[in-house]
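Analysis of the macromolecular model
Okay, here's what each chain looks like letter by letter:
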Amino acid sequence: MQGQTTDERFQKVDNYRSEDGLAARQGLYHFKTPDYDLPGVVVSRVGRQPGRVLDVGCGNGRYTGRLREALPGAEVIGVDLAEGILASVPEPTVVADVAELPFEDGSADAVLAMHMLYHVPDIPAALDELQRVLAPGGVLFVSTLAADDKREYVPIWQDAAREVLGGEVRMALTTLLERFSLETAESMLAERFETVALHDLPGVIEVPGPGPLMAAFRSEEDFIGLPQGDFERLMGAIEQRLEAHFADHEVLRITSHSGILECRGAKG
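Residues numbered from 1 in each chain as written. Predicted model: local features only at pLDDT ≥ 70, side-chain atom pairs only at ≥ 80, totals over all residues. Heavy atoms only, no water.

**Re the overall build of the protein**
When you go through the protein residue by residue, the secondary structure sums to 11 helices and 8 strands. Computed over its C-alpha atoms, the radius of gyration of the protein comes to 19 Å, within 12% of the 18 Å expected for a compact globule of 268 residues. Expressed as a percentage of the 268 residues in the protein, the buried residues total 51%. Within the protein, contacts between residues at least 6 apart in sequence are counted, and of these 77% link residues at least 24 apart. Roughly 11800 Å² of accessible area belongs to the protein as shown, and the carbon and sulfur atoms make up 50% of that amount. (Helix = DSSP H or I, 4+ residues; strand = E, 2+ residues; numbered from the N terminus. Rg over C-alpha atoms; globule rule 2.2 N^0.38 Å. Buried < 20%, exposed > 50% of the residue type's maximum accessible area, 1.4 Å probe, protein only. Contact = heavy atoms within 4.5 Å. Areas by Shrake-Rupley, 256 points an atom, 1.4 Å probe, with all protein chains shown as cover.)

Right under this line is the structure:
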């Protein structure tokens, strides 16, 4: 049904040319309980005053801004492969690939890779590079989604796709979880660091209407590469399902499960 695979397509820089799609996906978390302060978790665990912090794959700068506020003495650099999305992030910023970071060995006291490694074509190579730029005694923070994240969300899409398109249309989320779930990440990082501490962040998203969900579903368009007509038919079928649900229910409850891995003591 599709030309390129979702795995190939979602890794393209053009998918991140603006922050609109990212903001739509982040918007679902406005309805999550408990309301975790994710940047606050990182800030509280950085430890000693760092000289340099790299926020790799910083996107629209959610963590970058908080780190600069909390650590005014540090050089906090936002790094992203997509130049367009960096337009909203105050400098210093650097356009760079996580697999080829333009920083010297051991030059960063803290490094972040938050909800981004599942997009990287060669994850082990990216981990090598993150480890390379981390200073001795430094800390690497990695976040991703657990295997059971949004388990009620994907079937809405898949049922609609089977009805109107006659087959499966893989969401980016499905591919992401297959490539770098929280469970996979913890195992990979334990091979590279002496200690990997999990900050587990389970919760529930209770969405009060179809609008935020439709925005999130529509943000998949850049990843899946369906012809425009097919995509609109799919969106129409999803919207009908959501409207039917909210005719009888005040909210749609979705499992939310992510985590932050705090890695110290790089091996080798």
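Continuing now.
**Some thoughts on the sheet that holds strand β1 (residues 32-33)**
Pairing is mixed across the open sheet formed by 8 strands, whose spatial order is β1-β7-β8-β6-β5-β2-β3-β4. Strands with a single pairing partner mark the edges of an open sheet, and in this sheet they are β1 and β4 (93-95). The pairing of strand β3 (residues 75-80) with β4 spans 3 bridges and is parallel. Residue pairing in the sheet places Val79 in a bridge with Val94 of β4. (Pairing = 2+ DSSP bridges.)

**Focus: the pattern of salt bridges**
Evaluated as defined, the whole model comprises 16 salt bridges. In this structure, Arg192 engages Asp128 in a salt bridge whose closest nitrogen and oxygen atoms are separated by 2.5 Å. Of the two residues, Arg192 sits in the loop between α8 (182-190) and β7 (193-207) while Asp128 sits in helix α5 (residues 123-133), which places them 64 residues apart along the sequence. Using a relative accessible area of 16% as the deciding quantity, one classes Arg192 as buried. (Salt bridge = Lys/Arg side-chain N within 4 Å of Asp/Glu carboxyl O.)

**Here we look at α8**
For α8, the full list of buried residues reads Leu182, Ala185, Met188 and Leu189. Projected down its long axis, α8 carries its buried residues within an arc of 125°, all on one side. Packed against the buried residues of α8 are α5, β6 (134-145), α7 (172-180), β7 and β8 (252-266). (Arc of directions from axis to C-beta.)

**Some thoughts on the state of the cysteines**
Scanning all chains against the criterion turns up 0 disulfides. Cys58 forms no disulfide, and the closest cysteine sulfur to it belongs to Cys263, at a distance of 19 Å. Classification of Cys58 by relative accessible area gives buried; the value is 7%. (Disulfide = S-S within 2.5 Å.)

**Remarks on the nonpolar core**
Counting 65 residues, the largest nonpolar core has Leu117, Leu130, Tyr153, Trp157, Leu213, Phe217 and Ile238 as the members making the most contacts within it. Core analysis: the second largest hydrophobic core is formed by 17 residues, Val46, Val53, Val76 and Ala110 among them. (Core = buried A, V, L, I, M, F, W, Y, C linked by side-chain atoms within 4.5 Å.)

**Topic: the side chain of Asp149**
Tracing the sequence through the fold places Asp149 in the loop between β6 and α6 (154-165). Polar contacts involving the side chain of Asp149 include one to the main-chain amide nitrogen of His257, which spans 2.8 Å. Here Asp149 is in contact with Tyr29, Leu173, Leu177, Thr255, Ser256 and His257, once residues within four sequence places are set aside. (Polar contact = N/O pair within 3.5 Å; in protein donor to acceptor, adjacent residues only side chain to side chain.)

**Some thoughts on the environment of Asp200**
With respect to the element layout, Asp200 can be found in strand β7. Remark: the alpha-carbon pair of Asp200 and His249, spanning 49 residues in sequence, is separated by 29 Å. Filtering out sequence-adjacent residues up to four positions away, Asp200 remains in contact with Tyr36, Leu182, His257 and Ser258. For Asp200, the side chain forms a polar contact with the side chain of His257, separated by 2.8 Å.

**Remarks on the packing of aromatic side chains**
Counted under the stated rule, the structure contains 2 aromatic pairs. Each member of the aromatic cluster is reached from another via a ring pair, and the members are Tyr153, Trp157 and Phe217. (Phe/Tyr/Trp six-rings, centres within 6.5 Å; stacked < 30°, edge-to-face > 60°.)

**Some points on the packing of helix α9 (residues 210-218) against helix α11 (residues 228-248)**
Relative to each other, α9 and α11 sit at 155°, their axes nearing to 10 Å. The orientation of α9 relative to α11 falls into the category roughly antiparallel. For α9 against α11, the interelement crossing comes out right-handed. Across from Pro210, Leu213, Met214, Phe217 and Arg218 in α9, the residues of α11 making contact are Phe231, Glu232, Met235, Ile238, Glu239, Leu242 and Phe246. (Axes fitted to C-alpha atoms, helices over the stretch in contact; angles between N-to-C directions. Parallel < 35°, antiparallel > 145°, perpendicular 65-115°, else oblique. Left-handed = near helix turned anticlockwise from the far one by under 90°.)

No statement about biological role is implied by the geometric values presented.
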